[in-house]
Structures are given as C-alpha cells and as structure tokens.
Amino acid sequence: MIRKHSATLHGHRTSFSLEDEFWLELKTIAAQRKISLASLIAEIDDLRSPDSNLSSALRVHVLTWLKKKTV
C-alpha cells in the first residue's frame, strides 16, 4: 500500500508517497547508519537529480542499498 509521509527538509515541510516496504527499508538504513530518518531523507533529497522527484529518489536509494548488500 502506498502511504503519504511528511518530512522537514532544510526548514520546509515536504511530502512524498512510498509503499510500506520502502518506508520500512529507509528506517532500517537510517538505523544501520546510526542517523535519523529525517537526516537520511534530507541527504537523499540533496543528492537527487533535479529532474527526479523525492519519492523516486527514495526508492532508488533503497534499491541501490539493497543491491550493494547482496554483492
């Protein structure tokens, strides 16, 4: 199921939609890196391509993280 989530990035509120599975993986990644979920989302937002939306960037980050773990 896709759910709406909100975060404050650099002082402004933004929202994005993610499937529950991606949301849980983002939380796991943040915990493994010992950073807050908000910090992880802000980092991904800062690094994403200007022509990409935040929801897509978050999904790609999770996919990339999981692929690196299986190598």
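Note that the structure is predicted; figures quoted are calculated from it, not measured.

A. Structural context of the pattern of salt bridges. Inspection of every chain in the model, using the stated rule, returns 4 salt bridges. A salt bridge links Asp20 to Arg3, with the shortest nitrogen-to-oxygen separation between them at 2.7 Å. Taken together, the residues span a long stretch of sequence, with Asp20 in helix H1 (residues 20-33) and Arg3 in strand S1 (residues 2-9) at a distance of 17 residues. Overall, the relative accessible area of 24% leaves Asp20 in the partly exposed class.

B. Here's a closer look at unusual backbone geometry. In this model, His10 sits at a positive phi of 55°, which is unusual for a non-glycine residue. Its location among the elements puts His10 in the loop between S1 and strand S2 (12-19). Exposure remark for His10: the relative accessible area of 58% places this residue in the exposed category. For Lys34, which is not a glycine, the phi torsion comes out positive at approximately 60°.

Criteria and cut-off values
- Residues numbered from 1 in each chain as written.
- Predicted model: local features only at pLDDT ≥ 70, side-chain atom pairs only at ≥ 80, totals over all residues.
- Heavy atoms only, no water.
- Salt bridge = Lys/Arg side-chain N within 4 Å of Asp/Glu carboxyl O.
- Helix = DSSP H or I, 4+ residues; strand = E, 2+ residues; numbered from the N terminus.
- Buried < 20%, exposed > 50% of the residue type's maximum accessible area, 1.4 Å probe, protein only.

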